[in-house]
Amino acid sequence: MSTVKHAKVLILGSGPAGYTAAIYAARANLNPVLITGLEQGGQLMTTTDVENWPADANGVTGPDLMARFQAHAERFETELIVDQIVSVDLKQRPFTLQGDSGNTYTCDSLIICTGASAMYLGLPSEQEFMGRGVSGCATCDGFFYKSQDVIVVGGGNTAVEEALYLSNICKTVTLVHRRDTFRSEPILTDKLMDRVENGNIKLKLFYELDEVLGDASGVTGVRLRNNQDNTTEELDVMGVFIAIGHHPNTELFKDQLEMDNGYIITRNGREGLATMTSVPGVFAAGDVQDTIYRQAITSAGTGCMAALDAQRWLESEGK
């Protein structure tokens, strides 16, 4: 039987941004309701060790960290609902959202923390070794491949930036690109070529990732296919970084919020309500509005900001 649930503050997403927003909103006596989505815990659920989370000097696994986030939110009596929102109406307040469960949710203020997903090639072997040698984030996982051989797949800004970053950590970095020209910004391409010239980075142009190779221990190599003559070649590597871009999970809000390449535009600046979107009362935090940093700690930070902004906005509206 479907129900209608009203919340003063409704939070969409159960990653670092969503849970942090819930903690701060709950402590402000806003009685937040958090809709987890289908991928509860977000991208960190596919990450093994997180070594850059502040104050965890010995590291923590992604799933353990997200369990702690959830416990913290629940400690302050955040109401968690396992549901997937399939449609939203932001044209009038209270805002209305429909869940896949058939339930309807209304709210005075909405905080969007639905995250962004790394794009992958769709290879079965890629999925098989996800988190065991295959990664979509060099700054998250590069440390684990110190002095080892890795490849980066892609030819845009993301791929070049990740190759440059890894070249300071890894023994060898091979950049695999299906063309012989790069879509990255010229200044990044110049930096890449400088590293290629001094041997820090190797290029495999006109090649595509055909299969990730490995065993119970994780990735042990890759098979590459030349798209000019269809020949294949195997490389011994320990890490495979897929860097063909990210896509924000914002399809629900198309034509309702101002966006830039799918990322929700927020105010920023110094005038307050920095996380407010183009619709008053709707806020965005985490990777849905961050095209640059995409780190758990920055997502959590903007989740805090969004909750404080929502509190301030609700007070100004007399809610």
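This is a predicted model, so every value here is computed, not measured.

J.: In this structure, what is going on with the packing of aromatic side chains? I would like to understand it.
T.: Here the distance between the centres and the angle between the planes together describe a pair of aromatic rings. The final tally for this structure, using the stated rule, is four aromatic pairs. Taken together, a centroid distance of 5.5 Å and an interplanar angle of 70° make the contact between W53 and F69 edge-to-face. Of the two residues, W53 sits in the loop between β3 (49–50) and β4 (60–61) while F69 sits in helix α2 (residues 62–75), which places them 16 residues apart along the sequence. Judged on exposure class, the residue W53 and its partner F69 are both buried. The interplanar angle of 75° and the centroid separation of 6.0 Å between the aromatic rings of F143 and F144 together place this pair among those described as edge-to-face. Following the ring pairs from residue to residue traces out a cluster consisting of Y19, W53 and F69.

J.: Please clarify how the pairing of strand β17 (residues 239–242) should be interpreted in this entry.
T.: Two faces belong to every sheet, and in a regular strand the side chains alternate between them. Along β17, one buried face is formed by G239 and F241 and the opposite face, lined by V240 and I242, is buried too. Alignment of strand β11 (residues 149–153) against β17, held across four bridges, turns out to be parallel. Of the residues in β17, the one forming a bridge with I151 is V240.

J.: Explain the sheet that holds strand β16 (residues 232–235) here, please?
T.: Hydrogen bonds between backbone groups are what pair the strands of a sheet, and the pairing can be parallel or antiparallel. Spatially, three strands are ordered β14-β15-β16 in an open sheet, and the strand pairing comes out antiparallel. With partners counted over all chains shown, the strands left at the sheet margins are β14 (207–215) and β16, one partner each. The sheet shows a mean angle of 25° between the axes of neighbouring strands, direction not considered. Pairing of β14 with strand β15 (residues 218–226), which is carried by eight bridges, proceeds in the antiparallel orientation. Bridged to Y207 within β15 is N226.

J.: Is there a simple way to explain the state of the cysteines in this structure?
T.: Throughout this description, disulfide means a covalent bond between two cysteine sulfur atoms. Evaluated as defined, the whole model comprises one disulfide. There is a disulfide in this structure between C137 and C140, and the S-S distance comes to 2.2 Å. Residues C137 and C140 are joined through a disulfide that is right-handed, its torsion about the S-S bond being 70°. The class of C137 is buried, set by a relative accessible area of 15%. For C140, a relative accessible area of 28% puts it in the partly exposed group. C113 supplies the cysteine sulfur nearest to C107, a cysteine that is in no disulfide, at a spacing of 12 Å.

Reading the values: rules and limits
- Residues numbered from 1 in each chain as written.
- Predicted model: local features only at pLDDT ≥ 70, side-chain atom pairs only at ≥ 80, totals over all residues.
- Heavy atoms only, no water.
- Phe/Tyr/Trp six-rings, centres within 6.5 Å; stacked < 30°, edge-to-face > 60°.
- Helix = DSSP H or I, 4+ residues; strand = E, 2+ residues; numbered from the N terminus.
- Buried < 20%, exposed > 50% of the residue type's maximum accessible area, 1.4 Å probe, protein only.
- Pairing = 2+ DSSP bridges.
- Axes fitted to C-alpha atoms, helices over the stretch in contact; angles between N-to-C directions.
- Disulfide = S-S within 2.5 Å.

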